[in-house]
Amino acid sequence: MTRRIPVLIVGGGPVGLSLAAELGWRGIACELIEQTDGAIVSPKMNEVNARSMEICRRWGIAERVFNCPFPADYPLDVAFVTSLFGHELSRLRRPGRNSLEPPPESPHRMQACSQIWFDPILSDFAGSFASVRLRHRCRLEAFEQTAAGVSAQVVDLTSGAREEIEADYLVGCDGAGSMVRRALGIELVGQGTIGHPINLFFRRKGLVESCGKPPATFYLGIDETGLWGSLRIIDPANGLWRLMIDSSDGTATPETVDRQFYLNRALGRPTDVEWVDVNIWRRRSALAESYGRGRVFLAGDAVHQLSPTGGMGMNTGVADAADIGWKLAAVLQGWGGAGLLDSYDRERRPVGARAVRMATWFYKNAENFPKGSAKLAADGAEGDRLRAQVGEQLLRAIGPEFRTVGLQLGYRYGDSPICLPDGTPEPPDDPAECTPSARPGARAPHAWLRDWRSILDLYGRGYTLLRFADAPPADAIERAAENRRVPLTRVDLDEPEAAALYERKLVLVRPDGHVAWRADAPPPDALALIDTVRGAA
Ligand SMILES: Cc1cc2nc3c(=O)[nH]c(=O)nc-3n(C[C@H](O)[C@H](O)[C@H](O)COP(=O)(O)OP(=O)(O)OC[C@H]3O[C@@H](n4cnc5c(N)ncnc54)[C@H](O)[C@@H]3O)c2cc1C
């Protein structure tokens, strides 16, 4: 049996689900196949960053993520400790979501929302579109592509039935081991494996309440061997924790790892817990040399593999999905040009490289933090002095990993063939600070409007042409878009603050909320502008 569909998505992790959501939201028919049953026993990611929240806002699900079961008043603090029940050296304060405003650069901030909640929210949303089919226990076994399409061999793991699916496009969101990437012959470049961490998941309620310290989301353990591991509370109401031992010699297996030894070390006293899971995984620093070939594209961990330090893995993948999603929709709807899909690699690969580089840097800062002394755990004045001193050093060395608003929001498509540079200099790219910019290629910056909407709420499924006060008529751009059947909405705005931020009277924002072009007057050739931004120049 052979069926023909527009897009086949391989992999139902958060990135594949995000792509199904993006395509469904745009009315594009797609089928997602996932080899597991979708249940998440031990979540990997726990933090949805500000940019992913903005993307969720566009889809209309940000409130659901914001109101996930992670308690609203639970602080996201990072505490450096000798052990949970031992001494605290210092603490990075990050209040819970109910007591902290988002940063001025975004209507959202990074949100604690574990994959145990985030994936089901994405799945419910994507599955709510009639054009989206989500299939579990279904595996891609092989595929071939021609100039006309992709033919995929798929097996239903429950019934054993085999099937061939013809698709216009295939997107491999199939994770770090990506068979799609390997089948395309695309190599990974970079340092490769940089560690063998062990994740131990367990349940135990009341630990925070009894440890004599204020609640924190992370308790990072330091002793005479240095920073050696972290305790993270995933679900405070149900006492679900992850203990990550930063590195092992790579020989341990889930059966041989001494869970109780590590637990006692992290807690500082023998404690009974309900063990949930053990994972031993490879910490990686690698990027694919290409994000796809022909009609087959790759997104998420299939193309960038990075240390979780900085929380950028899935979040980078969600933005990949948003980028390839609108471009596939544009081509399938007939208005995207022949070069539009090629711009996916040009735009997203440098962003992947940036995420890999920063995540590795954060990890190296922790790995290279000087060994502590046994005196760190000593009671008394001498121990107190040492802890205060090392605590300060820890805040300086490790703090940047948790202050990343620039990293989350400041990526841009500087070398994009579908944005028109305006000759202005690039703003600084500081991971800790976001410099809002409406320079072509940048994420169109957020500003609150008089009616308390974010300006981001104006950006819909098509292009948005912003005309700030005193802007000249831009009918030629609207006519050119109509001529090419490009969806474009003009918005006249009398909003001085936003106008100052966007710096030009006319700004063309793309369907993914990035700036494509800006100027104080329409271009001499409006058709050329529209052709460039739709990838048909
Ligand atoms: C300990 C840890 C903490 C992390 N914390 C964060 C964080 O806070 N924030 C963040 O952004 N990132 C974080 N990450 C990274 C994040 O988890 C990954 O980047 C993210 O899961 C990648 O999503 P993905 O959908 O690309 O791949 P995956 O989650 O690996 O999903 C790929 C899916 O494809 C399926 N699949 C594979 N092959 C096939 C096939 N042939 N047919 C059908 N299905 C197939 C697999 O079963 C799998 O479900 C963390 C990672 C770790 C290890």
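Residues numbered from 1 in each chain as written. Predicted model: local features only at pLDDT ≥ 70, side-chain atom pairs only at ≥ 80, totals over all residues. Heavy atoms only, no water.

Trainee: Any details on the overall build of the protein chain? Residues and values, ideally.
Mentor: Within the protein chain one finds 14 helices and 24 strands. For the protein chain, the C-alpha radius of gyration of 24 Å lies close to 24 Å, the compact-globule estimate for 537 residues. On the principal axes, the C-alpha backbone points of the protein chain span a range of 75 × 60 × 35 Å. Taking all 537 residues of the protein chain together, 58% fall into the buried category. Relative to all contacts within the protein chain whose residues are 6 or more apart in sequence, the contacts with residues 24 or more apart total 73%. Accessible area of the protein chain: about 21300 Å², with a carbon and sulfur share of 50%. Of the side chains in the protein chain, 63 bear a positive and 68 a negative charge, and the two mean positions are spaced by 1 Å. (Helix = DSSP H or I, 4+ residues; strand = E, 2+ residues; numbered from the N terminus. Rg over C-alpha atoms; globule rule 2.2 N^0.38 Å. Buried < 20%, exposed > 50% of the residue type's maximum accessible area, 1.4 Å probe, protein only. Contact = heavy atoms within 4.5 Å. Areas by Shrake-Rupley, 256 points an atom, 1.4 Å probe, with all protein chains shown as cover. Lys, Arg positive; Asp, Glu negative; His and termini not counted. Charge placed at Lys NZ, Arg CZ, Asp CG, Glu CD.)

Trainee: Any details on the site of the ligand? Residues and values, ideally.
Mentor: In the vicinity of the ligand lie 32 residues, with Glu34, Lys44, Asp301, Met314 and Asn315 positioned nearest. When the ligand is considered free in solution it has 1000 Å² of accessible area, and contact with the protein chains removes 89% of it. Where the shell around the ligand is concerned, the elements lending two or more residues are α1 (14-25), β2 (30-34), β8 (138-145), β15 (240-245) and α8 (313-333). Partitioned by chemical class, the residues of the shell around the ligand number 14 nonpolar, 11 polar and 7 charged. (Near = heavy atom within 4 Å. Nonpolar A, V, L, I, M, F, W, Y, C, P; charged D, E, K, R; others polar.)

Trainee: If you had to explain the side chain of Asn315 to someone new, which residues and values would you point to?
Mentor: Within the secondary structure layout, Asn315 lies in helix α8. Side-chain polar atoms of Asn315 contact the backbone oxygen of Glu47, separated by 3.1 Å. The contact partners of Asn315, leaving out residues within four places of it in the chain, are Glu47, Val48, Asn49 and Ser52. (Polar contact = N/O pair within 3.5 Å; in protein donor to acceptor, adjacent residues only side chain to side chain.)

Trainee: An account of the pairing of strand β5 (residues 88-92) is requested, with residue identities and associated values reported.
Mentor: Counting buried positions over the 5 residues of β5 gives 4, a clear majority of the element. As judged from the 4 bridges shared by strand β4 (residues 78-81) and β5, these two strands associate in the antiparallel manner. Pairing of Phe80 across the sheet is with Ser90, part of β5. Between β4 and β5, which pair antiparallel in sequence order, lie 6 residues. (Pairing = 2+ DSSP bridges.)

Trainee: Give me the lowdown on the sheet that holds strand β20 (residues 304-305), citing residues and values where you can.
Mentor: Reading across the sheet, the 3 strands line up as β11-β17-β20 and stay open at both edges, with antiparallel pairing between neighbours. Both outer strands of the open sheet, β11 (188-195) and β20, are each paired with one neighbouring strand and no more. Note: β11 against strand β17 (residues 283-288), 6 bridges, orientation antiparallel. Pairing of Gly195 across the sheet is with Arg283, part of β17. Each of β11, β17 and β20 touches helix α9 (residues 343-367); the most contacted strand, β17, lies at about 160° to it. (Axes fitted to C-alpha atoms, helices over the stretch in contact; angles between N-to-C directions.)

Trainee: Please give an account of the pairing of strand β22 (residues 488-493) that cites residues and values.
Mentor: Sheet topology note: the strand β21 (residues 463-468)/β22 ladder contains 6 bridges and is parallel. Within β22, the residue paired with Phe468 across the bridge is Leu493. On the question of chirality, the crossover connecting β21 to the parallel β22 by way of helix α12 (residues 475-483) is right-handed. (Right-handed = clockwise from strand over helix to strand, strands pointing away.)

Trainee: I'd like a description of the sheet that holds strand β16 (residues 274-280), backed by residues and values.
Mentor: Pairing within the open sheet is mixed, and its 7 strands lie in the order β5-β4-β13-β14-β15-β12-β16. One side of each edge strand has no neighbouring strand; the edge strands of this open sheet are β5 and β16. Here the average twist between neighbouring strands, direction ignored, is 20°. Pairing between strand β12 (residues 198-203) and β15: 6 bridges, direction antiparallel. Across the sheet, the residue bridging to Ile198 is Ile245, located in β15.

Trainee: How would you summarise the packing of helix α2 (residues 50-59) against α8 if you had to cite specific residues and measurements?
Mentor: At a minimum axis distance of 9 Å, the contact between α2 and α8 shows a crossing angle of 40°. The angle between the axes of α2 and α8 places the two elements in the oblique class. α2 and α8 meet at a crossing whose hand is left-handed. Every residue of α8 that contacts α2 at Ser52, Ile55 and Arg58 is listed here: Asn315, Val318, Ala319 and Ala322. A breakdown of the residues in the contact of α2 with α8 according to their chemical character gives 4 nonpolar, 2 polar and 1 charged. (Parallel < 35°, antiparallel > 145°, perpendicular 65-115°, else oblique. Left-handed = near helix turned anticlockwise from the far one by under 90°.)

Trainee: Can you tell me about the pattern of salt bridges, naming the residues and giving the values?
Mentor: For the structure on display, the rule yields 42 salt bridges. Its salt-bridge partner being Asp168, residue Arg4 comes within 2.4 Å of it at the nearest N-O pair. Of the two residues, Arg4 sits in strand β1 (residues 2-10) while Asp168 sits in strand β10 (residues 162-172), which places them 164 residues apart along the sequence. Residue Arg484 pairs with Asp531 through a salt bridge whose shortest N-O separation is 2.8 Å. Of this pair, Arg484 sits in the loop between α12 and β22 while Asp531 is found in helix α14 (residues 526-533), placing the two residues 47 residues apart along the sequence. On the basis of relative accessibility, which here comes to 27%, the residue Arg484 falls in the partly exposed class. (Salt bridge = Lys/Arg side-chain N within 4 Å of Asp/Glu carboxyl O.)

Trainee: I'd like a description of the packing of aromatic side chains, backed by residues and values.
Mentor: Throughout the structure, instances matching the rule amount to 18 aromatic pairs. Ring geometry for Phe202 and Trp241: centres 6.3 Å apart, planes at 5°, overall stacked. Here Phe202, found in strand β12, pairs with Trp241, found in strand β15; they are 39 residues apart in sequence, far enough to count as distant. Assigned by exposure class, Phe202 and Trp241 land together as buried. (Phe/Tyr/Trp six-rings, centres within 6.5 Å; stacked < 30°, edge-to-face > 60°.)

Trainee: I'd love a proper account of unusual backbone geometry, names of residues and values included.
Mentor: In most cases, non-glycine residues show a negative phi, while peptide bonds are predominantly trans. Residues other than glycine seldom take positive phi values, yet Asp470 does so here, at roughly 70°. Relative to the elements of secondary structure, Asp470 occurs in the loop between β21 and α12. Located in the positive-phi region is Glu503, a residue other than glycine, with phi close to 65°. Relative to the helices and strands, Glu503 is located in the loop between α13 (496-502) and β23 (506-509).

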